[in-house]
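Each chain, letter by letter, is given below.
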Amino acid sequence: QSVLTQPPSVSGAPGQRVTISCTGSNSNIGAGYDVHWYQQLPGTAPKLLIYLNTNRPSGVPDRFSASKSGTSASLAITGLQAEDEGDYYCQSYDTSLSGSVVFGGGTKLTVL
Amino acid sequence: QVQLVQSGAEMRKPGASVKVSCKASGYTFIGYYIHWMRQAPGQGLAWMGRMNPNSGDTDYSQTFQGRVTMTRDTSVNTAYMDLARLTSDDTAVYYCATSRIGDAFDIWGQGTVITVSS
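Computed from a predicted structure; not experimentally measured.

Trainee: Any chance you could explain the interface of chain B and chain A here in plain terms?
Mentor: Interfaces are often described in size by the accessible area the parts lose on coming together. Contacts between the two partners involve 16 residues from chain B, matched on the other side by 19 residues from chain A. When the two sides are added together, the surface that chain B and chain A hide from each other amounts to roughly 1,500 Å², 64% of it contributed by carbon and sulfur. Our count for the contact surface shared by chain B and chain A stands at 0 salt bridges. Across the chain B-chain A interface, the total number found is 6 residue pairs in polar contact (both at pLDDT 80 or more). Among the secondary structure elements, those contributing two or more residues to the side of chain B that touches chain A are strand S4 (34-39) and strand S5 (45-51) of chain B. Tallied by class, residues from the side of chain B that touches chain A come to 8 nonpolar, 6 polar and 2 charged.

Trainee: What's the story with the pairing of strand S9 (residues 107-111) of chain A in this structure? I'm lost.
Mentor: Strand residues, when the strand is regular, have side chains that alternate between the two faces of the sheet. All names here are of chain A. Alternating positions in S9 separate cleanly, Thr107, Leu109 and Val111 being buried on one face and Lys108 and Thr110 remaining unburied on the opposite face. When strand S1 (residues 9-12) meets S9, the two strands line up parallel, connected through 4 bridges. Note on S9: the bridge partner recorded for Ser9 is Lys108.

Trainee: Explain the sheet that holds strand S2 (residues 18-23) of chain A to me, please; I cannot follow it from the model alone.
Mentor: Sheet strands line up and pair through hydrogen bonds in the backbone, either parallel or antiparallel. All names here are of chain A. Ordered by their spatial adjacency, 3 strands build an open sheet running S2-S6-S5, and the pairing between neighbours is antiparallel. The open sheet is flanked by S2 and strand S5 (64-69), the only strands paired with a single partner. Pairwise comparison of adjacent strand axes, ignoring direction, gives a mean angle of 15 degrees for this sheet. Of the strand pairs in this sheet, S2 and strand S6 (residues 72-77) are connected by 6 bridges, and their pairing is antiparallel. Paired with Cys22 across the two strands is Ala73, which belongs to S6.

Trainee: I keep staring at unusual backbone geometry and nothing clicks. Help me out?
Mentor: One non-glycine residue, Asn53(A), lies in the positive phi region at around 75 degrees. Considering the arrangement of structural elements, one finds Asn53(A) in the loop between strand S4 (47-50) and S5. The residue Asn77(B) is not glycine, and still its phi comes out positive at about 50 degrees. Topologically, Asn77(B) is positioned in the loop between strand S7 (68-73) and strand S8 (78-83). A relative accessible area of 28% means that Asn77(B) is categorised as partly exposed.

Trainee: Is there a simple way to think about the state of the cysteines in this case?
Mentor: What makes a disulfide is a covalent bond joining the sulfur atoms belonging to two cysteines. Residues and elements named next belong to chain A. All chains considered together, the criterion is met by 2 disulfides over all chains. A sulfur-sulfur separation of 2.1 Å characterises the disulfide bridge that pairs Cys22 with Cys90. Between Cys22 and Cys90, the disulfide has an S-S torsion of 80 degrees and is therefore right-handed. Within this pair, whereas Cys22 is found in strand S2, its partner Cys90 is found in strand S7 (residues 86-94), the two being separated by 68 residues in sequence. The class for Cys90 is buried, based on a relative accessible area of 0%.

Definitions and limits used
Residues numbered from 1 in each chain as written. Chains lettered and ligands numbered in written order. Predicted model: local features only at pLDDT ≥ 70, side-chain atom pairs only at ≥ 80, totals over all residues. Heavy atoms only, no water. Contact = heavy atoms within 4.5 Å. Buried area = accessible area lost by both parts, 1.4 Å probe. Salt bridge = Lys/Arg side-chain N within 4 Å of Asp/Glu carboxyl O. Polar contact = N/O pair within 3.5 Å; in protein donor to acceptor, adjacent residues only side chain to side chain. Helix = DSSP H or I, 4+ residues; strand = E, 2+ residues; numbered from the N terminus. Nonpolar A, V, L, I, M, F, W, Y, C, P; charged D, E, K, R; others polar. Buried < 20%, exposed > 50% of the residue type's maximum accessible area, 1.4 Å probe, protein only. Pairing = 2+ DSSP bridges. Axes fitted to C-alpha atoms, helices over the stretch in contact; angles between N-to-C directions. Disulfide = S-S within 2.5 Å.

Purely geometric stuff here, so don't read any function into it on its own.
Now the structure itself:
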């Protein structure tokens, strides 16, 4: 059971928009800790997609965006492409575990 | 080129220990924390702990406290993660990563597969 809750799977057709939620609590996201998002394509290491809640690293397309509000965060992907298919993880910090980095359980994105 | 390069796959028997290395290049190794994560087959990411390469100070996840040891050799810009008393549940891909932007992991190693089997 992950501290941050993500839907196990989402799907969409090419060109469509999908969103992935990341729900936490008052000991992590709700306490003001930053949320980061990672993309993990099959057989590869995770790659930083969004940092500090809303920022894209250089090279990440602006089709990827994110937001944070209250105890939750959300990742949006517009103009879905086949190469977006993979797993997506949110990450934050939690004070209830003696200070610990925490991840969401991951969401598998399928491009139909 | 900023990168972290990890050591190769290992196979161990239950009860043994394993040491994984993570060599940094292209940035100031002692300037940023090195974190270790693992990913069991078909599962998500689990944070194991972090090390300050400058001081050697460590913070370990409660899940791994007592079994994990993180060290470094600054002369070769390399971090190490040692996991003891292995069981089959420790079979996973182990990743090192560095956090140069807050606590976001911007650079990841390629991963090291550890298989624990009798």
